[in-house]
Structures are given as structure tokens and as C-alpha cells.
Amino acid sequence: MLDYQPNIVLSTQEYNVVGKRPIRPDGADKVTGKAMYGADINLPGMLHGRVLRSPHAHARIKSLNTSRAAAYPGVKAVITGADLVQPSGRASELVEGAMTNMRFLSNNVMATDKVLYKGHAVAAVAATSPHVAEEALSLIDVEYEVLPPVMDAKDAMNKDAPLIHERLAAMSTASIRAGGVLDDDDPSQGTNVANHFEFTLGDLEEGFKQADVIVERDASTVAVHQGYIEPHTGTAMWHADGNLTIWSSSQGHFMVRENTARLVGVPISKVKAIPMEIGGGFGAKLAIYCEPLAALLAKKADAPVKVTMNRTEVFEASGPTSGTNVRVKLGATKDGKLTAAEAHLIFEAGAFPGSPVPGGAQCIMGAYDIPNAYIEGYDIVVNRPKTSAYRAPGSPAAAFAMEGAIDELAEKLGIDPIEFRLLNSAKEGTRRATGPLMPKVGFIETLEAAKAHPHYSAQLEGPYRGRGVASGFWGNNTGPSSAVATITPDGVVNLAEGSPDIGGTRASVAQQLAEVLGIPFEDVRPQVVDTDSIGFTSNTGGSGVTFKTGWACYTAAQDIKQQMLERAAKIWDVSLDDVEYVDGVLQHKSDPELRLTFKQMAARQNPTGGPIVGRAGVNPGGAGPALAFHIVDVEVDPDTGKVTILRYTALQDAGKAIHPSYVEGQIQGAVAQGIGWALNEEYFVNDQGHMMNSSFLDYRMPVSLDLPMIDTVIVEVANPNHPYGVRGVGEVGIVPPMAAISNAIYQAIGVRMTSLPMNPGKVLEALWQSNGNTS
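This text gives an overview of the structure that appears in the document.

So, how was this worked out
Residues numbered from 1 in each chain as written. Predicted model: local features only at pLDDT ≥ 70, side-chain atom pairs only at ≥ 80, totals over all residues. Heavy atoms only, no water. Phe/Tyr/Trp six-rings, centres within 6.5 Å; stacked < 30°, edge-to-face > 60°. Helix = DSSP H or I, 4+ residues; strand = E, 2+ residues; numbered from the N terminus. Buried < 20%, exposed > 50% of the residue type's maximum accessible area, 1.4 Å probe, protein only. Lys NZ or Arg CZ within 6 Å of the ring centre and 35° of its normal. Pairing = 2+ DSSP bridges. Salt bridge = Lys/Arg side-chain N within 4 Å of Asp/Glu carboxyl O. Contact = heavy atoms within 4.5 Å. Axes fitted to C-alpha atoms, helices over the stretch in contact; angles between N-to-C directions. Parallel < 35°, antiparallel > 145°, perpendicular 65-115°, else oblique. Nonpolar A, V, L, I, M, F, W, Y, C, P; charged D, E, K, R; others polar. Core = buried A, V, L, I, M, F, W, Y, C linked by side-chain atoms within 4.5 Å. Expected span 1.5 Å × (residues − 1).

**Points about the packing of aromatic side chains**
Ring pairs (aromatic) are described by centroid distance and by the angle formed between their planes. Summed over all chains, the structure comprises 12 aromatic pairs. Relative to Phe-536, the ring of Phe-254 has its centre 5.3 Å away and its plane inclined at 65 degrees; by these criteria the two rings are edge-to-face. With Phe-254 in helix 7 (residues 253-264) and Phe-536 in the loop between strand 20 (524-528) and helix 16 (545-572), the pair connects residues that are 282 residues apart, well separated along the chain. Relative to Phe-696, the ring of Phe-315 lies with its centre 5.5 Å away and its plane at 80 degrees, an arrangement referred to as edge-to-face. Taken together, the residues span a long stretch of sequence, with Phe-315 in helix 9 (residues 311-317) and Phe-696 in the loop between helix 18 (660-679) and strand 27 (710-715) at a distance of 381 residues. Owing to a relative accessible area of 28%, Phe-696 belongs among the partly exposed residues under this scheme. Against the face of Phe-208 rests Lys-329, its NZ or CZ located 4.4 Å from the ring centre.

**Side note on the pairing of strand 6 (residues 121-127)**
Within strand 6, 7 of the 7 residues are buried, leaving the element largely enclosed by the surrounding structure. In the sheet, strand 2 (residues 47-53) pairs with strand 6 via 6 bridges, with the strands oriented antiparallel. For Leu-52, the partnering residue across the bridge sits in strand 6 and is Ala-123. Two strands pair when backbone bridges link them, and strand 4 (residues 75-80) and strand 6 are joined in this way by 5 bridges, in the antiparallel orientation. Bridging from a neighbouring strand, Val-78 pairs with Val-125 of strand 6.

**Points about the pattern of salt bridges**
Pairs can form between side chains of opposite charge once their charged atoms are near each other. For the structure on display, the rule yields 35 salt bridges. Between Arg-53 and Glu-313 there is a salt bridge, with the nearest N and O atoms lying 2.8 Å from each other. Taken together, the positions of Arg-53 in strand 2 and Glu-313 in helix 9 put the pair 260 residues apart, joining distant regions of the chain. Look at Glu-313 and you get buried, because its relative accessible area is 12%. Glu-166 is the partner of Arg-60 in a salt bridge, and the nearest nitrogen-oxygen pair spans 3.6 Å. A residue pair is termed long-range when its members are at least 10 positions apart, and Arg-60 in strand 3 (residues 59-65) and Glu-166 in the loop between helix 5 (153-156) and strand 8 (193-201) qualify at 106 residues.

**Brief notes about the environment of Val-545**
Looking at where Val-545 falls in the secondary structure, it is placed in helix 16. Setting aside residues up to four positions removed in sequence, Val-545 forms contacts with Ser-499, Thr-505, Val-509, Thr-540 and Gly-550.

**A closer look at unusual backbone geometry**
For the bond from Leu-756 to Pro-757, the omega torsion is -5 degrees, close enough to zero to count as cis. Mapped onto the elements, Pro-757 comes out in the loop between helix 19 (737-749) and helix 20 (760-770). Of note, Arg-391 is a non-glycine position whose phi angle comes to about 30 degrees, a positive value. Within the chain, Ala-392 stands out as a residue other than glycine whose phi angle is a positive 55 degrees. Structurally, Ala-392 can be placed in the loop between strand 16 (373-381) and helix 11 (395-413). Under the relative-accessibility criterion, Ala-392 is labelled buried at 0%.

**Here we look at the packing of helix 11 against helix 12 (residues 417-424)**
Helix 12 packs onto helix 11 with a crossing angle of 105 degrees between their chain directions and a minimal axis gap of 9 Å. As judged from the angle between their axes, helix 11 and helix 12 are roughly perpendicular. Only Pro-417, Phe-420 and Arg-421 of helix 12 make contact with helix 11, whose side of the interface consists of Glu-403, Ile-406, Asp-407, Leu-409, Ala-410 and Leu-413. For the contact of helix 11 with helix 12, the residue count by class is 6 nonpolar, no polar and 3 charged.

**Overview of the nonpolar core**
Residues Leu-345, Ile-364, Met-365, Leu-409, Phe-420, Tyr-648 and Ile-741 are the most contacted members of the largest nonpolar core, which totals 94 residues. Per element, the largest residue contribution to this core is 11 residues, and it comes from helix 11. Discounting chain neighbours no more than four positions away, the residues touching Leu-409 are Val-213, Val-215, Leu-330, Ala-332, Leu-338 and Phe-420. Judged by nonpolar contacts, the second largest core, of 46 residues, contains Ala-483, Ile-560, Tyr-581 and Leu-596.

**What about helix 15 (residues 505-517)?**
Given a rise of 1.5 Å per residue, 13 residues ought to cover 18 Å, and the 18 Å separating the end C-alpha atoms of helix 15 matches this to within 8%. Here helix 15 lies mainly inside the structure; 13 of its 13 residues are buried. After helix 15 finishes, the residue Gly-518 shows a positive phi value of roughly 70 degrees.

The structure is reproduced here in C-alpha cells:
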């Protein structure tokens with residue numbers, strides 16, 4: 001029996017609905033199998049699409065003949081990359097508000113002249129059954145000129161490395177207006193360096209001169225998969241009026257609408273994207289793969305088409321996170337004050353530009369107050385699938401290097417690792433190395449909670465056991481969001497919003513609306529609606545939904561309140577100033593006889609002026625960063641190298657936990673993924689670019705038996721830029737685990753592990769080397 005509380009909420013303010021733990025509105029349908037996911041759509045006359053994929057990591061397509069497949073009985077349509085719109089990649093075709101080169105996007109969906117990774121789509125078939133479609137793929141004739149692949153970022157940076165894109169220009173030297181593509185008349189050679197940037201703060205050389213102790217560390221990680229269970233899928237149907245409807249599971253159906261419209265060559269207004277339930281995403285479903293192919297096949301076949309990846313396709317043809325190389329150098333005085341920090345980050349982007357190296361650069365020093373700093377980042381294309389976001393993209397690999405060096409520096413100075421972090425913690429007003437001033441944050445409060453937690457002071461006895469700690473930083477995100485709330489005559493609020501729910505956000509945004517209106521949570525029915533039924537809403541990512549869509553629901557609720565106040569004043573024939581709304585009741589400020597409950601006003605809305613509709617379109621700033629601090633105990637088996645997690649405590653500043661159970665679940669899920677990333681998971685790729693473990697049987701993710709119960713502490717330091725103090729919580733929890741486990745392994749065996757995964761083979765090798773045995 002535990003002698004401590006495993007899940008703690010350090011609440012600073014109580015509300016009626018916010019901060020409570022109601023039953024999630026979508027839970028019953030999901031656990032009883034009634035919820036509809038992307039592949040559950042079945043339409044009359046629907047065809048089945050299958051995709052032909054490259055067997056080579058790098059090759060030129062010399063010829064492509066689909067005539068035999070098109071003639072096969074049961075085949076209704078065949079497409080190739082030539083059927084997609086092929087933008088030039090120039091400025092006029094960059095997605096508004098983002099540096100997304102539409103030609104790269106198109107070529108990732110389906111190759112044209114070159115294939116750039118094994119599994120790259122080459123052609124697709126729609127047929128009357130999946131089996132017929134599979135058979136037809138074997139009838140497509142493709143002649144390849146196989147080219148040497150480049151699999152590693154450092155190799156790709158060499159001057160004599162094969163070029164992935166002959167006309168790619170690094171963003172540090174090419175005009176941004178050109179979208180990273182050299183002009184046709186530019187004689188410059190292409191490059192595999194898609195982006196190179198630098199941040200400088202203070203005087204780095206002087207900062208290291210002031211240091212009494214300097215630590216340098218190189219760390220590397222390999223690509224890992226997000227581990228979502230539901231494969232990518234998309235179903236498309238064209239209507240007689242030329243409009244297109246798409247059903248898919250994604251983290252942003254407005255993104256699906258816009259990118260699909262561009263790639264199939266129709267106006268955005270012609271496309272309706274319907275969001276289905278999502279069986280896991282973690283950032284990876286911010287990209288499109290199947291939807292444009294389904295749309296083009298459906299148009300050619302004049303019938304609905306569904307395209308769904310199998311598990312091998314998910315691993316080989318959709319985005320993992322980046323493999324990385326990160327080098328850090330830290331300097332501090334003998335009394336523990338950081339004087340300087342230097343970081344060099346090299347991230348693999350996959351076959352097309354756009355790794356999360358900017359996120360890594362923003363986060364690597366974000367938790368600290370460092371007066372002199374330099375950060376350099378490289379985004380490198382290689383012959384691997386285009387990377388996708390994965391929970392706090394870029395930050396976990398950066399923290400693996402930074403937090404290991406912080407631990408080593410604290411040890412050399414003889415300072416407790418939490419005390420060292422408290423001495424150097426960023427706080428409100430701290431200038432970050434990347435430029436912004438730190439807003440109000442709860443870094444110090446989180447560290448103090450960790451220091452006071454019984455885990456940190458608990459005895460850890462026995463050989464080959466160690467305790468490690470690490471911090472993690474994530475900036476959080478926001479964006480445009482919309483909400484519309486209508487009221488039924490019996491006083492139930494139907495809440496329509498546009499953020500796909502991947503973490504309980506239906507509940508968290510509905511709680512905010514219910515809190516404003518003073519009504520029970522159970523009287524709100526939240527639903528995620530299609531792109532024709534709600535205003536634009538940005539993607540579900542960056543831990544932003546409870547913040548931005550919560551703001552939209554809060555604003556829509558205020559709209560309802562104001563309309564109800566005006567109706568009550570009209571009914572009672574009094575001044576609006578004499579009416580107040582308190583805990584779901586409209587009342588006269590001085591006449592207690594004049595009183596209407598929310599439900600009573602709902603019943604009278606039509607005769608007093610018509611339906612009451614609350615609406616909001618917002619783009620709120622000030623999402624506010626988040627900090628996590630983790631404590632982990634491990635045991636290393638010296639005979640096998642296996643690392644067992646004995647105990648894990650994760651502390652995190654949530655601003656205000658709208659639904660504490662969901663916050664705890666987000667933290668625990670992120671830690672579980674981080675443990676897998678630390679100890680087991682990797683894309684095992686041979687020198688020809690073939691992934692050798694493209695199944696969940698061979699790609700080793702942790703299961704419940706691999707993990708202890710993960711204890712949580714929710715620290716609440718309110719974000720002043722949100723009415724309830726919300727900070728995003730979904731991502732920062734994955735940032736510390738790799739570094740914390742590495743630091744714990746060091747305490748257990750005396751060897752610092754600097755490359756992931758820290759699997760049994762690597763741990764044994766480290767043990768042998770430390771013992772002078774290299775056999």
C-alpha cells in the first residue's frame with residue numbers, strides 16, 4: 001500500500017465546473033464500439049484504393065506504364081503523380097501563413113520524377129475490392145534508375161553527398177520568397193541543407209571566460225514512431241455539382257480541406273472535410289497522405305473511394321520524428337551560476353524540408369536564465385520518409401543533450417541537481433536565447449514541488465540502482481478558433497467547435513462554457529463539426545486546443561449571457577444595468593421577485609426575440625510556456641543490460657487543470673512514450689534505406705507490464721492571458737524522460753549514455769567498456 005498520494009493537484013483557485021472531473025462525453029461510444037473512425041465509412045458503390053510504393057530509397061523513375069493495371073477486370077481508375085497539381089514551389093504557391101512548399105507537399109503525396117524513400121507512393125489504383133486493387137498494383141510497370149541513398153544527416157552535409165533535390169537551396173542563402181527552390185537561371189549547386197539558422201545572446205566568448213567549470217556533450221537520437229494505433233485513411237466522394245466531401249481522421253480537417261483542394265486543383269469552397277474520431281495522432285496526423293489520392297481516384301472512377309494504409313505503409317511512408325545530433329557546451333561559476341551555453345543541432349527532415357529543429361532550438365535553453373548563449377540549427381534532407389511532428393517536436397532530443405550536460409555540470413560543482421536548476425531557472429522577464437522575454441511561468445514552483453516530493457528524498461537501496469532527474473520546456477501554441485453554441489428549449493447547450501479531439505478537449509472546452517453560464521457540465525453537448533458548419537479553426541497541435549478553443553467557447557458563452565441579460569431586461573421592462581447573471585440565474589439587482597433560471601429563459605427564447613445563439617471567432621495570444629520536471633528510479637541488470645523503471649514521478653505546471661484526470665492522463669501518456677523512446681524504440685534501417693522492423697511486433701513500444709504506475713503532480717501557476725489560467729499540457733511531459741532515465745542509468749552504473757535508444761545491447765557495451773572489457 002502506498003504511503004503517499006500518487007496524483008496530486010496543487011490547486012490555487014476553485015471553480016464550480018472548471019477543475020472538476022466529469023465523465024467524458026465521447027467515452028461511452030468509444031468503449032462500446034459505436035464511435036466512427038476514419039476507416040469505418042462505407043458508402044454505396046464505394047471502391048477500394050491501394051497504392052504502389054517504391055522498393056528503393058533513392059531512384060529516378062525512367063518510365064511508368066499503368067495500361068495493364070487499367071485494363072484489369074474490376075479496376076475503375078489508376079492515377080500517378082502527374083494527376084496531382086504540380087506547383088512550382090514559388091512564393092505564389094506557399095500556403096498562407098506557413099512556409100509550406102506545395103510542390104514538396106505534392107511530391108510527398110506521390111512521386112513524379114524521383115522516389116526519395118522506400119515506400120514513396122508512385123501510383124494508385126481504385127477497384128471493386130481490395131484484392132483486385134492489390135493484384136492490379138503488380139501490373140504497373142515501373143523502370144527505375146537506382147541512385148545512391150544518403151541516410152544520415154551528417155553524411156548528407158558532406159560536399160560530395162548525393163543530392164536529394166538537385167535544385168534545393170538552403171533557407172539561409174536562398175530568398176524566402178523562392179520557397180527554398182533555386183531559380184531556373186541560378187547556376188548555384190543544390191544542397192541537402194534545407195535550413196541553417198543561428199541565435200545569439202550576449203557575449204559567448206566572455207561568458208565562457210567567466211566560467212570555472214565547463215562541460216561539453218554530444219548526444220544522438222534515431223528516428224522513432226509516434227505509435228498511434230489507427231492507420232492513416234481517407235474516403236472521398238464527388239457530388240454532381242462538382243463539390244467534394246472527404247471523411248478522414250486528422251488533427252486538422254481545415255488543413256485537410258485546404259491542402260487537398262490545392263493538390264486536386266479545386267477552390268477551397270468546393271471541399272467539405274468531415275472529421276471522424278481519431279485513433280491517436282501525437283502530431284503525425286497534421287499531414288495528409290491518403291485524402292488527395294482518394295479524391296483523384298474518386299474523380300476518375302466517378303464513385304466514392306477509400307484509401308487506407310496498412311501498418312507497414314504507416315511505418316515506411318508516413319512521418320516519424322527526426323534522427324538528431326546535438327552538441328552542447330555549458331559553463332558555470334563555482335557557486336553554480338550559468339555563464340554561457342552553446343548548442344549545435346542537426347536534425348534529419350526526411351526527404352523534404354521541415355524537421356522540428358526550430359522547436360529544438362527554441363526549447364533547448366528555454367528553462368534557464370543564461371546571459372550568454374549561441375544556438376545553431378540545421379535542417380537536413382535525407383532518403384527517409386518526411387518527418388512529422390511528434391509531441392513537443394524537437395524538444396525531447398534537445399533536452400536529452402542539454403539536461404544530461406546540466407546533470408554533469410551540477411555533479412562537477414557538487415550541487416544538488418534541483419538546487420542547480422533553481423539557481424538558474426528562467427522566470428518572468430528572463431530574456432531567452434532565441435529572443436522573447438519569458439512571460440509569467442511556474443518553473444520555480446514546479447522545481448520546489450519536486451524538491452518537496454517524497455520521491456526525491458526516498459531511500460534507493462541496492463546495487464545497479466540509480467535516480468535521475470531532468471527538466472523539460474515547451475512553448476505551447478495557439479491559433480484561430482471558432483465556436484457556436486445554440487440552446488434547446490429545455491436548456492441544453494449544443495456546442496459546435498472545430499478542434500479534433502485527441503486528448504479530451506471536448507470536455508475541457510465544454511467545461512469552460514459551462515463555468516461561464518453557471519450550468520452543469522452535463523447540460524452541454526460538445527461536438528466537433530465539419531468545415532462547412534463552423535468557422536476556420538487551426539490544427540489540434542502545440543497543446544493549444546484547451547487554450548484557444550477554450551477561449552472561443554468562453555467568448556461564445558459570454559455572448560449568450562449578454563443576450564440573456566438583454567432579454568430579461570426586456571421581459572421585466574427594466575434597465576439592462578439593473579439585471580445581473582449569477583450562477584446560471586438572471587435576477588434583478590434589487591427586486592428578488594424578478595428571477596429567471598437558465599432553463600426558464602431557454603424556454604422563452606423564441607417569443608422574446610428568437611433563438612439565442614452564442615458565437616465566437618478568436619485568435620488569442622499568450623498561450624504561455626510550460627515546464628515539466630521528472631524524477632525516475634531505475635535498476636540495471638548487469639548480465640543482460642535491461643533497464644527496469646522502478647518508480648516515476650512527473651511534475652508539471654498546467655496553469656489551471658481544467659479537467660485534472662485528463663491532465664494526469666496526458667502526463668502519464670507522454671511519460672510512457674518517452675520511456676519507450678529512451679529504452680527501446682528506433683527505426684532500424686539498413687544502408688539501402690529499408691526499414692527492417694516495420695511492424696508493432698518488431699518495433700518495440702512499452703506495454704503496461706513494462707511500466708510502473710506513473711505518479712503526477714499538477715502545479716497551478718495561472719497563465720494571466722487566459723480567463724481560467726490555462727497552459728497547454730499535452731506535450732511537455734515527453735521532453736524530460738530520455739534525459740532523466742539517462743541520468744538515472746549513470747547513477748546506477750557510472751556510465752553516461754549519450755545515444756538513444758539505451759537498449760540492453762548499448763547498456764551492456766557501456767558496462768563492458770567501463771570495466772575495461774571490449775570483447
